[in-house]
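Results of the structural survey
The lines below spell out each chain.
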Amino acid sequence: MDKEHIFFENYARNWDRDRKADAKILSSFMELAGIRPGSVILDAGCGTGVLLPYLSAAAGDDGTVEGFDYSQQMIDVAKEKFSHLANVTFTTGDVLKYHFPEKHYDVVCCLNFYPHIASHSRDVIRRLYKAMVPGGTLLIMHDMPRKAVNAIHGGQPVLPPVDVLEEKLISAGFSVVIAMDTDRFYLIKVVKEADEADFVYDDEEQPAGVASHPLHHGHHHTETKRVLNRLSRITGHVEAIKRMIEDGRDCSDVLVQLAAVHSAVAGVSRVILKDHIDHCIIDAIREHDADAVENLKKAINTFVK
Ligand SMILES: C[S@@+](CC[C@H](N)C(=O)[O-])C[C@H]1O[C@@H](n2cnc3c(N)ncnc32)[C@H](O)[C@@H]1O
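Residues numbered from 1 in each chain as written. Predicted model: local features only at pLDDT ≥ 70, side-chain atom pairs only at ≥ 80, totals over all residues. Heavy atoms only, no water.

In the nomenclature of an unreviewed UniProt entry, the protein corresponds to Metal-sensing transcriptional repressor from the organism Megasphaera intestinihominis.

See below:
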C-alpha cells in the first residue's frame, strides 16, 4: 500500500465530517450528466459514496451503480450508508490494476478522483475507455474550483485547465460534450466515440448525406461525423433548456445549462478550427494560396473576439 492509499484508509471514518458536499452543485452535475434510466454506471474513486444516491436515482430500477474504490475503509463506510439502495453494488479495487469488463459501462463518474490518478492519467483514461460502451459517457467532476483542488495538492497542477485535459481525452478517442471550469466547480463530460463498426446514429441524429458532404474538401469523414454528432447533442441540450424554461425551472439551474451549451459550442469551434488548420491551411501555405491564409486569419479573429 502506498502512502496515499494508507492516507485514505485512515481518513475514511472522518471523511464525511470534513467533506463539504454541496447538494446544489451535485444536482447540477446530474443535470449536466443527463444519465438515462437503465444505465450501467461506475463511480470510480467513490470514497464514502457521496455521489451514490444521486447516481442510484438517475439509474432507476433498471439501472445499476457500482461504487469502486481501492480503500476498503472507504467502501465499508459507503456500504454502511448506502447498501439499502437496491441498484448499488460495491467493488474494492485499484483502477490501475483492476480488470474491468470491456464495453460494459454506459457512464463512468470520477468525482474528485482525477488528481489521484493524474500521474497515470493516460493509462487510466485508456482503461476506462475500454470498459465503456461505444457512445458511453465519462464525467470528470470536482465540486470545488480548480484552484482550490490544486491548493489541496500543495499547489501542484494535478487538475489541469479543461483544454489540456480535453486534448488528452480526445486523443484517447473521446469527444468533448461539455467542459466547464467555473469559480464553483469543474466538469468535463466526454463521450466515447463509436468505432466505425459500432457507429449507430439515433434516428433524429442521422445527418443526411454524411458521407457525401464532408465539412469541406479534403476532410476526414470521421471528423465530419464527430462535428455533426456534437451539434446534434448541443441541439438536444438547447431543446432541454427550452423545456426547463417552459417548466418554470430555477434561473440558476437554467444558467448552468446555458453555460454548458456555451462551452460545447466553443468546443465544436475549436475542433473545426483545428481541423481547418491541420487539413487545409498547411496545404494552402505549401501551395502559396494567399486567399485561404487570409480566410483563416478572419476565422481566427472572429473566434477569439
Ligand atoms: C478525494 S477522494 C473522493 C471520494 C469521493 N468521490 C468524494 O468526492 O467524496 C478520492 C478517492 O479515490 C480513491 N482512490 C485513489 N486512488 C485510487 C485508485 N488508484 N483506485 C481506486 N480508488 C482510488 C481514494 O481511496 C478516495 O476514496
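On we go from here.
In this section: unusual backbone geometry. With phi around 45 degrees, K103 is a residue other than glycine that occupies positive phi space. Tracing the backbone shows K103 in the loop between β3 (88-92) and β4 (105-111). Positive phi, normally seen in glycine, also occurs at H288, with a value near 55 degrees. Relative to the helices and strands, H288 is located in the loop between α10 (251-286) and α11 (290-304). (Helix = DSSP H or I, 4+ residues; strand = E, 2+ residues; numbered from the N terminus.)

Of all residues adjacent to the ligand, which total 18 residues, the nearest are R19, G45, D69, D94 and L111. Within the side chain of R19, a nitrogen or oxygen atom sits 2.5 Å from an oxygen atom of the ligand. Residue N112 places a side-chain N or O atom 3.0 Å away from an oxygen atom belonging to the ligand. Protein burial of the ligand: of its 590 Å² of free accessible surface, 97% is covered by the chains. For the ligand, the cavity whose grid points lie within 2 Å of the majority of its atoms is the second largest pocket. Each residue belonging to the shell around the ligand can be placed in one class, and the counts come to 9 nonpolar, 6 polar and 3 charged. (Near = heavy atom within 4 Å. Polar contact = N/O pair within 3.5 Å; in protein donor to acceptor, adjacent residues only side chain to side chain. Areas by Shrake-Rupley, 256 points an atom, 1.4 Å probe, with all protein chains shown as cover. 1 Å grid on protein atoms, 1.4 Å probe; cavity = no way out; pocket = protein on both sides within 12 Å on 5 of 7 lines; lining within 4 Å. Sits in = over half its atoms within 2 Å of the grid points. Nonpolar A, V, L, I, M, F, W, Y, C, P; charged D, E, K, R; others polar.)

Within strand β6 (residues 174-181), 7 of the 8 residues are buried, which leaves it mostly tucked inside the rest of the structure. Alignment of β6 against strand β7 (residues 186-192), held across 7 bridges, turns out to be antiparallel. What sits directly across from V176, in β7, is V190. Where β6 hands over to β7, the hairpin turn is made up of 4 residues, counted between the paired strands. (Buried < 20%, exposed > 50% of the residue type's maximum accessible area, 1.4 Å probe, protein only. Pairing = 2+ DSSP bridges.)

Moving on, we come to the pattern of salt bridges. Going through the model one piece at a time under the given rule, you end up with 11 salt bridges. Notably, a salt bridge pairs D18 with R17, separated by 2.8 Å at the nearest N-O pair. For D18, a relative accessible area of 30% puts it in the partly exposed group. D181 is the partner of R146 in a salt bridge, and the nearest nitrogen-oxygen pair spans 2.8 Å. Here R146, found in helix α7 (residues 146-152), pairs with D181, found in strand β6; they are 35 residues apart in sequence, far enough to count as distant. A relative accessible area of 23% means that R146 is categorised as partly exposed. Within this structure, D123, R126 and R127 form a network of salt bridges that share partners. (Salt bridge = Lys/Arg side-chain N within 4 Å of Asp/Glu carboxyl O.)

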